[in-house]
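Below, each chain spelled out in residue letters.
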Amino acid sequence: DLIEGEFTADLINGNIDIAQYSGDLNLTTINGEIDLKMMDASLVAETIHGDIYADEKLKFKYADRHVGSKISGITASGKNRLKLNTINGNMYLRY
């Protein structure tokens, strides 16, 4: 399914899996994973107790933190703004 326009997901227990989108995404999950295909996006992603895995073709800036991970970057022209957050869960960013 295609998600169009601005979209916000704010979950307590659950995973977020999005393969197609056109628009800005604000995704947060407390106990769950985020799995996202990167498409023409400007990204900021943060996790507290989890890791961020990105395909090798995606080049992101990594911020060193005492707890958790934070990355940021742009793919293509950065048309879609993405803000991703997890507390207890990993992120998978796919090319």
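Residues numbered from 1 in each chain as written. Predicted model: local features only at pLDDT ≥ 70, side-chain atom pairs only at ≥ 80, totals over all residues. Heavy atoms only, no water.

Colleague: In this structure, what is going on with unusual backbone geometry? I would like to understand it.
Modeller: Both trends apply: most residues other than glycine have a negative phi, and most peptide bonds are in trans. Here the phi dihedral of Asp-40 falls at roughly 45 degrees; this positive angle occurs in a residue that is not glycine. What makes Asp-40 partly exposed here is its relative accessible area of 23%. Non-glycine residue Ala-76 carries a positive phi angle of around 55 degrees. Classification of Ala-76 as exposed rests on a relative accessible area of 70%. (Buried < 20%, exposed > 50% of the residue type's maximum accessible area, 1.4 Å probe, protein only.)

Colleague: Honestly, the sheet that holds strand 8 (residues 52–54) in this entry has me stumped. Any pointers?
Modeller: Strands in a sheet are paired, the pairing made by backbone hydrogen bonds, and the direction either parallel or antiparallel. An order of 3-6-12-8 is seen for the four strands of this open sheet, with the pairing classed as parallel. Each edge of the open sheet is held by one strand with a lone partner, namely strand 3 (16–18) and strand 8. Strand-to-strand, the axes of this sheet are offset by a mean angle of 10 degrees, without reference to chain direction. Sheet topology places strand 6 (residues 34–37) next to strand 12 (residues 91–94); four bridges connect them, and they run parallel. (Pairing = 2+ DSSP bridges. Helix = DSSP H or I, 4+ residues; strand = E, 2+ residues; numbered from the N terminus. Axes fitted to C-alpha atoms, helices over the stretch in contact; angles between N-to-C directions.)

Colleague: Can you walk me through the nonpolar core in this structure?
Modeller: Taken as a class, soluble globular proteins show a tendency for nonpolar side chains to be buried jointly. With 21 residues, the main nonpolar core has Leu-36, Met-38, Leu-43, Leu-84 and Leu-93 as its most contacted residues. Secondary-structure elements contributing two or more residues to this core are strand 3, strand 5 (25–31), strand 6, strand 7 (41–49), strand 11 (80–88) and strand 12. Counting residues per element, this core draws most heavily on strand 7, which supplies three residues. When sequence neighbours within four positions are dropped, the list of residues in contact with Leu-36 reads Ile-18, Tyr-21, Leu-25, Leu-82, Leu-84, Tyr-92, Leu-93 and Arg-94. (Core = buried A, V, L, I, M, F, W, Y, C linked by side-chain atoms within 4.5 Å. Contact = heavy atoms within 4.5 Å.)

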